Amino acid sequence: MKASAATILIAILFTATVLALGYLSFGFWTTMIFTSGFAGGLLLWLIIPARPPYEAIRAPYWLTFGLFVIHRVEEKLAGFFAALSRLTHVPTPDILSWNVILLVALSVGAWLAVPVLLKRGIAFGYYLAWTFFAAMGITELAHFIFPLIAGGPYGYFPGMASAALLAPAAWWGLWRLGHQHS
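Below or above, wherever it landed, is the structure these notes cover. (Residues numbered from 1 in each chain as written. Predicted model: local features only at pLDDT ≥ 70, side-chain atom pairs only at ≥ 80, totals over all residues. Heavy atoms only, no water.)

What follows covers the packing of aromatic side chains. According to the stated counting rule, one finds 21 aromatic pairs in the structure shown. For the pair Phe 14 and Phe 124, a centre-to-centre distance of 5.8 Å together with 85° between the ring planes defines the contact as edge-to-face. Placement of Phe 14 in helix α1 (residues 5-26) and of Phe 124 in helix α7 (residues 123-137) is noted, with a sequence separation of 110 residues between them. A relative accessible area of 18% means that Phe 124 is categorised as buried. Between Phe 146 and Phe 157 the ring centres are 4.9 Å apart and the planes differ by 50°, which places this aromatic pair in the tilted class. Residue Phe 146 is located in helix α8 (residues 142-150), and its partner Phe 157 is located in the loop between α8 and α9 (160-177); the two are separated by eleven residues in the primary sequence. (Phe/Tyr/Trp six-rings, centres within 6.5 Å; stacked < 30°, edge-to-face > 60°. Helix = DSSP H or I, 4+ residues; strand = E, 2+ residues; numbered from the N terminus. Buried < 20%, exposed > 50% of the residue type's maximum accessible area, 1.4 Å probe, protein only.)

On the surface, Tyr 23, Leu 24, Phe 28, Trp 29, Met 32, Trp 98 and Leu 102 cluster together into a nonpolar patch covering about 820 Å² of accessible area. Those elements that provide at least two residues to the nonpolar patch are α1, α2 (28-47) and α5 (98-112). Tallying contributions element by element places α2 first for the nonpolar patch, with three residues. Summarising the element assignment, Trp 29 is placed in helix α2. (Patch = residues over 30% accessible without salt bridge, like charges linked within 9 Å, V, L, I, M, F, W, Y side chains within 5 Å. Areas by Shrake-Rupley, 256 points an atom, 1.4 Å probe, with all protein chains shown as cover. Salt bridge = Lys/Arg side-chain N within 4 Å of Asp/Glu carboxyl O.)

Below, the structure is given as structure tokens:
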């Protein structure tokens, strides 16, 4: 199944919207980190033609999503956004601001739609799956780079512990998504 030109255009506009909301919420540097997941997922979707059935990615999807929830809890409890703000010198946005609400609704909301869309064979669902696995498997690796940017001895950065499990689960999803299964 090849995506139509309209679906590709929608995916490009969706990616641009998420990145614009990321910029409005968190500034340039954090948006550059988001880019690896959303623009990276878009590129992977465009260049890797495999469209496996949902059953082929169900286990890595739900494992990765569960680890993503745990990761978000760790980030919240460990003060990730305050630590990120110290690195980027961009104030932590109000979580109830319109741009943060839209950012979460578009990204996480869309990722929650992946199973339904893939079960129906909808091409846009594959794009969303690619962005989900790329965001979790590539973007979250930034947790291991942040301590280098922070300076001082290398150590824990909020979210690092769960990212160590989240990224490999997403790599499994990327691998399964990139292969045709019968």
